[in-house]
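Observations on chain architecture
Residue strings, one per chain:
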Amino acid sequence: MADNATGKRIGIAGVTAAVVAGGGMLVRQLRTARRPAMADGDTGDRRRDTRWLAVTVDREPDQVAPGGQLPEPLAALDDRIETRTRPAPGGKGTELAARLRAPAASRDDRARQELRAALRKAKQLIEVGEVLALDPIPHGERTATPAGLALEAVTRRADREGVL
Amino acid sequence: MKAITWRGVNKAAVETVDDPRILNAHDIILEVGLTATCGSDLHLLGGYIPAMRAGDVLGHEFMGTVAEVGSGVRRHKVGDRVVVCSFISCGHCWYCRNQLWSLCDNGNPNPFITEGLWGSPVGGCYGYSHALGGFAGSHANYVRVPYADQGAFPIPDEVPDVRAVFASDAAPTGWTGAHQAEVQPGDVVAVWGAGGVGQMAARASMLLGAERVVVIDRFENRLAQVSRHIGAETLDYTQTSVVAELKEMTGGRGPDVCIEAVGMEAHSNDPSFLYDQVKQQLRLQTDRPTAVREAIYACRKGGTVFTLGVFAGLVDKFPLGALMNKSLTLRGAQMHGRRYIPRILEGMRTGEIRTEHLATHTLPLDEGPRGYEMFKNKEDGCVRAVFRPNGDGRPG
């Protein structure tokens, strides 16, 4: 592009500073997604253990939890969680929220991951009637590179993590 | 079956992989007729989108024949000739119901990655990294199509395969840009990038009533295609000042709508290109926003800038001051295919939308790595290399 508003040569020091700052921002974003407890930066997230995890389901409340009956697979966690539903503003469906009954249990990452995955699956089952399957995926030879193994580790828990 | 796979940065190969299977009731298995390379594949090949695993099958723009249907499929039967939307959408969530198909809540089984990068997950896409679902791509003899009643569309008999294949991605992406940028009758529209998507954005702008459409690129053969097949004006940015030309064309105002159809690997004659290139090669800036900056600078006061090219993460030296002080509207989107594909197929049937000129090279699957090399380096005037997995590669 021939004419650019920022078209001036930038020194090496400036480049380096910007690179470091940009890289730092990206890492912070990813860390925030992996550990919602750090979303509040250095101050921590003091409500993490009691905060509701929520999805919005594009259905009326009586279709999301008819007669107060939880949808699967949340129903299987019934004795460990509390749930609430309320209409989403603007006709966006129903907000379905859940959290672990015992705040101490919320400090167990695996329990929170299981709840997060259950919420996502419940939404799919209500809206679509099935959970979208992925495996087995046709693929060529998988070489055991560090980057590939790291990506596999991420995708193995990709339905259980996130900022949900 | 055979498939073209990603083997590492700038490495593609042809490998033997397992046949796909019906996994959900709403799936079909498609025997692939034609499957096109796309400029966005080059971002994967170049390693700019890191969520690729060696062995992943590439390809997201395709058409073919239905080979098998799941028990829940209602709109398709074995033997139907269909084109498939590159984005995977359930058709039942709020975003699908509101025609924002690429934002589907249920089309991406790996929501964590894009939630981390962007704050929310987006829909899935064939052959486009584990960030967009990890689905196998279409550069293979067969491909699984989830939610087939939502994403597969019967091709009118009058439309040849080589025209129809671009109703999968290039044409609806271009249409998404022009429509979501709210091109109005009488508008002047500038489009950065004369690849398949840029050409289709220009054509869509014309069909939406734009009075003047200008496409900007540096490749003579692509600009010639714009003149001959699209009917828009052209600017070669290596030969002139784009901003000065656009100002002259518009009485000093600038274009009403500026559509950026270049993406994260933009080129420029400007010194800022070197800065962007250094940062990106160090993998510490993910995208080169060179064309976006120019679009913001060129756009008329109160106009709209639309980012249609693929961007992944963070950019630097973003002209927020121009955006704010000129009262610009900045929008972006992946393609909301289902909203536009029926209209596009009808346009292809009547002849008002023609795309076959984009397929400059049709090759058998075995020549996949060579096809990508030609496409990447723009060899022999390559605009799009298109593969015919179940044939000899000759145009059909």
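Just so you know, these numbers come straight off a predicted model, no measurement behind them. (Residues numbered from 1 in each chain as written. Chains lettered and ligands numbered in written order. Predicted model: local features only at pLDDT ≥ 70, side-chain atom pairs only at ≥ 80, totals over all residues.)

Of the regular secondary structure elements, chain A holds five helices and three strands. In chain A, the succession of helices and strands from N to C terminus is α-β-α-β-β-α-α-α. Looking at chain A residue by residue over its 164 residues, the buried ones come to 29%. Relative to all contacts within chain A whose residues are 6 or more apart in sequence, the contacts with residues 24 or more apart total 63%. (Helix = DSSP H or I, 4+ residues; strand = E, 2+ residues; numbered from the N terminus. Buried ≥ 20, exposed ≤ 12 C-beta atoms within 10 Å, placed from the backbone. Contact = placed C-beta atoms within 7 Å.)

For a regular strand, the rule is simple: side chains alternate between the two faces of the sheet. All names here are of chain B. Among the six residues that make up strand β12 (residues 212-217), five are buried, leaving the element largely enclosed by the rest of the structure. In terms of handedness, the path from strand β11 (residues 188-192) via helix α7 (residues 196-207) over to β12 forms a crossover that is right-handed. Of the pairings in the sheet, the one linking β12 to strand β13 (residues 233-236) comprises four bridges and is parallel in character. Across the sheet, the residue bridging to V214 is E233, located in β13. (Right-handed = clockwise from strand over helix to strand, strands pointing away. Pairing = 2+ DSSP bridges.)

Residue and element names in this part refer to chain B. Each domain of chain B was delimited in the assignment, giving domain 1 (2-169 + 335-388) and domain 2 (174-332). One C-alpha centre belongs to domain 1, the other to domain 2; they are set 25 Å apart. Contacts between the two partners involve 21 residues from domain 1 and, on the opposite side, 19 residues from domain 2. Sorting the residues of the side of domain 1 that touches domain 2 by element identifies α1 (39-45) and α13 (337-350) as the ones contributing at least two each. Here the side of domain 1 that touches domain 2 gets four residues from one element, more than from any other, and that element is α1. Tallied by class, the residues present in the side of domain 1 that touches domain 2 amount to 11 nonpolar, six polar and four charged. (Domains from an automatic or database assignment. Nonpolar A, V, L, I, M, F, W, Y, C, P; charged D, E, K, R; others polar.)

Residues and elements named next belong to chain A. Here helix α4 (residues 109-127) is 19 residues long and its end C-alpha atoms lie 27 Å apart, about the 27 Å a rise of 1.5 Å per residue gives. Among all positions in α4, only R112, L115, R116, A117, A118, L119, R120, A122, K123, Q124, I126 and E127 are buried. Trailing α4 by a residue or two, G129 shows a phi angle of about 95 degrees, which is positive. (Expected span 1.5 Å × (residues − 1).)

Attention shifts here to the interface of chain B and chain A. Each partner contributes to the interface: chain B provides 67 residues, whereas chain A provides 55 residues. Elements supplying a minimum of two residues to the side of chain B that touches chain A: β1 (2-8), β2 (11-16), β4 (56-57), α2 (94-97), α3 (111-118), α9 (242-249), α10 (272-281) and α11 (290-298) of chain B. Grouping the amino acids of the side of chain B that touches chain A by side-chain chemistry returns 34 nonpolar, 19 polar and 14 charged.

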